[in-house]
Amino acid sequence: MRMYDLIMKKRNGGTLSDEEIDFMVAGYTDGSIPDYQMSAMMMAVYFQGMHADETLRLTLAMAKSGDMLDLSRIHGIKVDKHSTGGVGDKTSLALIPMAAACGIPIAKMSGRGLGHTGGTIDKLESFTGFCTDLPTDVFVSNVNTIGVALMGQTAQLAPADKKLYALRDVSATVDNMSLIASSIMSKKLAAGADAIVLDVKTGSGAFMKKEEDAFALAKEMVQIGNNAGRRMYAVISDMDQPLGRAVGNALEVKEAIATLRGEGPADFTQLCLALGTYMLMAGGRADTPKEAQDMLRRVIANGSALDKLAQFVKAQGGDPKEAYEPQRLPKASMTEEICAKTEGFVTAVACDEIGMCSLMLGGGRETKESVIDLSVGLELYRKKGDYVKKGEPLALLHGNDKEKMKAAAARFLAAYTIGASAPKEAPLIKGVIQGSE
Ligand code: URA
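Residues numbered from 1 in each chain as written. Predicted model: local features only at pLDDT ≥ 70, side-chain atom pairs only at ≥ 80, totals over all residues. Heavy atoms only, no water.

Undergrad: Help me understand the overall build of the protein chain, please; the structure alone is not making it clear to me.
TA: Across its full length, the protein chain holds 17 helices and 13 strands. When its C-alpha atoms are laid out on the principal axes, the protein chain stretches across 65 × 45 × 40 Å. Taking all 437 residues of the protein chain together, the buried fraction comes to 55%. In the protein chain, the share of contacts with a sequence separation of at least 24, taken over all contacts with a separation of at least 6, comes to 78%. For the protein chain, the accessible surface area stands at approximately 18000 Å², while carbon and sulfur atoms represent 51% of it. (Helix = DSSP H or I, 4+ residues; strand = E, 2+ residues; numbered from the N terminus. Buried < 20%, exposed > 50% of the residue type's maximum accessible area, 1.4 Å probe, protein only. Contact = heavy atoms within 4.5 Å. Areas by Shrake-Rupley, 256 points an atom, 1.4 Å probe, with all protein chains shown as cover.)

What follows is the structure in structure tokens.
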């Protein structure tokens, strides 16, 4: 088999066979197929698309290109959750303890972030001593004893996807539905859960700007998961403005803790309850959404979700006191209110500008080597639809460096659009796709 022939076949609109896809993924992973041929193939796929069977085979080949986590020693139905990402998306921080407190075994692999804030692991490292570098034995035994464990995504998890995603990133081939679906699902399948709940974002701050594209991506991923024998749900949710009010690592942890106390922002709480509902249903803990919501509300009201977070932090070397006393978490040395220059309704809050402010304050990574400042970020006082008078605060910036604060403050106002009339209300949850079992 020759890669040249496969590129030509795809370029001309052909369908790659299972053997051809396996050959291509194996060859690219071991280096025998060079970047230039693979990037030509990715461009051919970009224009010609892939059939569902090709997408499934690509996903499976990438999932099997490295370690497949064996979670069979963990009792019960393991449910994983994945978000396609956005600004202020700290959902895992609240959802993991909520679902675990309801009896869902959580064995999760997460990554660090490259961009406006850190990933889930960076955020969790706001807890003093928190460690995600767990040997598999400890990971498994923590899930069996306290119901939850989280570890960093290793380089051996779907290495083909790691290499291919980096290539797509520099060859303008990221935004193809089948390639995104197979990339995300290859890592999820390799991570070993029995059921997966996806949070597919749509809006200005999401990969999928258009709702119909988000639905199509969700359907594609649900189909891949089902075909690979996983129980699947996908929630399509709004990312036209940042989620919740906090953007920045420790600030997001504090907001997640507030949510576990029942004092979180309405949108963030609603999303956690929705995703939690499908985690409980996928994990066989609840038969109906109502039953699941009641269980989730109960673990918030009786404090067991917050206790679960404290147990989780302690089991991974962190200081559990910080879960109960979040004022102990990293705190920036300076704050500055940014006030509205005009009066009116907030009609838009641009996710990318808010993300950029967080990055400028030091809360994200510009390169893989960048060191994140966990304490910095923004608290948004006003969101879409709110009315603001001239001179009233829109947000509070948290920073440690005067120059960075000045630059972020100057940039911040570009994120807000203020107009004379209220914007149309947009639902946070756009829809749910349930896979067939
Ligand atoms: N996230 C991924 O992991 N892969 C993609 O292709 C896009 C988003």
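What follows continues from the structure just given.
Undergrad: Help me out: how do you make sense of the packing of aromatic side chains in this one?
TA: Any aromatic ring pair is given by two values, namely how distant the centres are and how the planes are angled relative to each other. Counted according to the given criterion, the structure contains five aromatic pairs. Their ring planes at 85° and their centres at 5.3 Å tell us that Y46 and F47 sit as a pair that is edge-to-face. Under the relative-accessibility criterion, F47 is labelled exposed at 64%. Considering the side-chain rings of Y233 and Y278, the 5.0 Å spacing of their centres and the 35° angle between planes classify their relative orientation as tilted. With Y233 in strand β5 (residues 231–238) and Y278 in helix α12 (residues 266–282), this residue pair connects regions lying 45 residues apart in the sequence. When its relative accessible area of 15% is taken as the criterion, Y278 is described as buried. Residue placement shows K90 over the ring face of F268; its charged tip is 5.1 Å from the ring centre. Here the basic side chain of K163 rests over the ring of Y28, its NZ or CZ set 4.4 Å away from the ring centre. (Phe/Tyr/Trp six-rings, centres within 6.5 Å; stacked < 30°, edge-to-face > 60°. Lys NZ or Arg CZ within 6 Å of the ring centre and 35° of its normal.)

Undergrad: Where do I start with helix α17 (residues 402–412) in this structure?
TA: The complete set of buried residues in α17 reads M405, A408, A409 and F412. Down the axis of α17, the smallest arc covering the buried residues is 100°, so these residues share one side. Seen from the buried face of α17, the exposed residues on the opposite side, beyond 90 degrees, are E403, K406 and A410. Each element contacted by the buried residues of α17 is listed here: β7 (334–339), α16 (351–361), β9 (377–380), β11 (393–399) and β12 (416–419). A side-chain oxygen of the first residue of α17 lies 2.9 Å from the backbone nitrogen of E403; this N-cap is D401. (Arc of directions from axis to C-beta. Polar contact = N/O pair within 3.5 Å; in protein donor to acceptor, adjacent residues only side chain to side chain.)

Undergrad: Mind showing me how you'd approach the pairing of β9 here?
TA: Where a strand is regular, its side chains alternate between the two sheet faces. Both strand β6 (residues 246–247) and β9 contribute to a ladder of two bridges, which runs antiparallel. Its bridge partner being in β9, V247 is matched across the sheet by L378. In this sheet, β11 lies alongside β9 in antiparallel orientation, the contact comprising four bridges. Considered in β11, the bridge of G377 is made with H398. (Pairing = 2+ DSSP bridges.)

Undergrad: Sorry if this is basic, but what is going on with the site of the ligand here?
TA: In the region of the ligand, the neighbouring residues are Y165, R168, I180, S183, I184, K187 and F207. Within the contact set of the ligand, an oxygen atom lies 2.9 Å away from a side-chain nitrogen or oxygen of R168. Bound to the protein, the ligand loses 91% of the 240 Å² it would expose on its own. Tallying contributions element by element places helix α9 (residues 177–190) first for the shell around the ligand, with four residues. A breakdown of the residues in the shell around the ligand according to their chemical character gives four nonpolar, one polar and two charged. (Near = heavy atom within 4 Å. Nonpolar A, V, L, I, M, F, W, Y, C, P; charged D, E, K, R; others polar.)

Undergrad: So what exactly am I meant to see when it comes to unusual backbone geometry here?
TA: Note: most residues except glycine have negative phi, and most peptide bonds are trans. Here A158, not a glycine, exhibits a phi torsion of approximately 45°, which is positive. Relative to the assigned elements, A158 resides in the loop between β3 (148–152) and α8 (159–170). The exposure class of A158 is buried, given its relative accessible area of 1%. For A172, which is not glycine, the phi torsion reads 55° and is therefore positive. Its place among the elements puts A172 in the loop between α8 and α9. On the accessibility criterion, A172 (57% relative accessible area) is exposed.

Undergrad: Whenever I open this one, the environment of K430 confuses me. Can you help?
TA: Looking at the element boundaries, K430 is found in strand β13 (residues 429–434). Expressed as a C-alpha distance, the spacing of K430 and T202, which sit 228 residues apart in the sequence, is 8.8 Å. The contacts of K430, once residues within four sequence positions are left out, are T202, E211, F215, I236, S237 and D238. From its side chain, K430 meets the backbone oxygen of P427 in a polar contact 3.0 Å long.

Undergrad: Help me out: how do you make sense of helix α13 (residues 289–301) in this one?
TA: Residues that lie three or four places apart on an α-helix share one face, since the helix turns once every 3.6 residues. With 13 residues, α13 should cover 18 Å at 1.5 Å per step; its first-to-last C-alpha distance of 18 Å lies within 8% of that length. Every buried residue of α13 is accounted for by A292, M295, L296, V299 and I300. Down the axis of α13, the sector holding all buried residues measures 135°, keeping them to one side. Those residues of α13 that are exposed and angled more than 90 degrees off the buried face are K290 and A301. Elements that come into contact with the buried residues of α13 comprise α5 (91–101), α11 (249–260), α12 and α14 (304–315). G303, located one to two residues past α13, shows a positive phi value of around 85°. (Expected span 1.5 Å × (residues − 1).)

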